[in-house]
Amino acid sequence: MTIAVARANQKQLQRYIESQFGQQVDVAPWGGPNSVLEIGTKGVQKAVGVERLAHYYHIKRADVIAFGDEHNDDEMIDYAGLGVAMKNATPKLKSLADDVTTLTNDQDGMANYLAHVLKLAE
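Source: prediction; values computed, not measured. (Residues numbered from 1 in each chain as written. Predicted model: local features only at pLDDT ≥ 70, side-chain atom pairs only at ≥ 80, totals over all residues. Heavy atoms only, no water.)

Okay, the overall build of the protein chain next. A count of helices and strands for the protein chain gives five helices and six strands. Along its sequence from the N terminus, the protein chain presents helices and strands in the succession β-α-β-β-α-β-α-β-α-β-α. Taken along its principal axes, the extent of the C-alpha atoms in the protein chain is 50 × 30 × 20 Å. Among the 122 residues that make up the protein chain, the fraction classed as buried is 31%. Surface accessibility of the protein chain: about 8,100 Å² in total, with carbon and sulfur atoms responsible for 54%. When the 12 basic and 16 acidic side-chain charges of the protein chain are each reduced to a single mean position, those positions are 4 Å apart. (Helix = DSSP H or I, 4+ residues; strand = E, 2+ residues; numbered from the N terminus. Buried < 20%, exposed > 50% of the residue type's maximum accessible area, 1.4 Å probe, protein only. Areas by Shrake-Rupley, 256 points an atom, 1.4 Å probe, with all protein chains shown as cover. Lys, Arg positive; Asp, Glu negative; His and termini not counted. Charge placed at Lys NZ, Arg CZ, Asp CG, Glu CD.)

This part covers the pairing of strand 4 (residues 65-68). Looking at chain direction, strand 4 and strand 5 (residues 82-85) are connected through four bridges and run parallel. Bridge assignment links F67 to a residue of strand 5, and that residue is V84. Handedness of the strand 4-helix 3 (residues 74-79)-strand 5 crossover: right-handed. (Pairing = 2+ DSSP bridges. Right-handed = clockwise from strand over helix to strand, strands pointing away.)

Turning to the nonpolar core, a few remarks are in order. Counting 12 residues, the largest nonpolar core is built from A47, A54, V64, A66, M76, I77, Y79, A80, A85, A89, L93 and A97. Secondary structure elements with two or more residues in this core: helix 2 (46-56) and helix 3. By residue number, the principal contributor to this core is helix 3, which donates three residues. The residues contacting A97, other than those within four sequence positions of it, are I77, G83, V84 and A85. (Core = buried A, V, L, I, M, F, W, Y, C linked by side-chain atoms within 4.5 Å. Contact = heavy atoms within 4.5 Å.)

Below, the structure written as structure tokens:
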């Protein structure tokens, strides 16, 4: 669940949610320009879904490429054989990633990166 909240109230709301549901949920602010809190069930993140899909389709972890730009992509980027942060990603995510795109989300950074790495547009 994502909640838009006035930046001045963000920390207070985060503390309240954690005090009420702390053992059941993860609460984290987005690093972008909008004041947003993301709330999810503890232990459920994108990496879990990617891992299950890779297992189901018999794809080796080393062959998984994942792209991300925000804190909610940390575990997925870490899980992937090749974790790629977008140019506009948070500094923390960039530090976890194996590579960083030269273009942002709005500039088709992922498509450009894949075209280059997979030699699709040469």
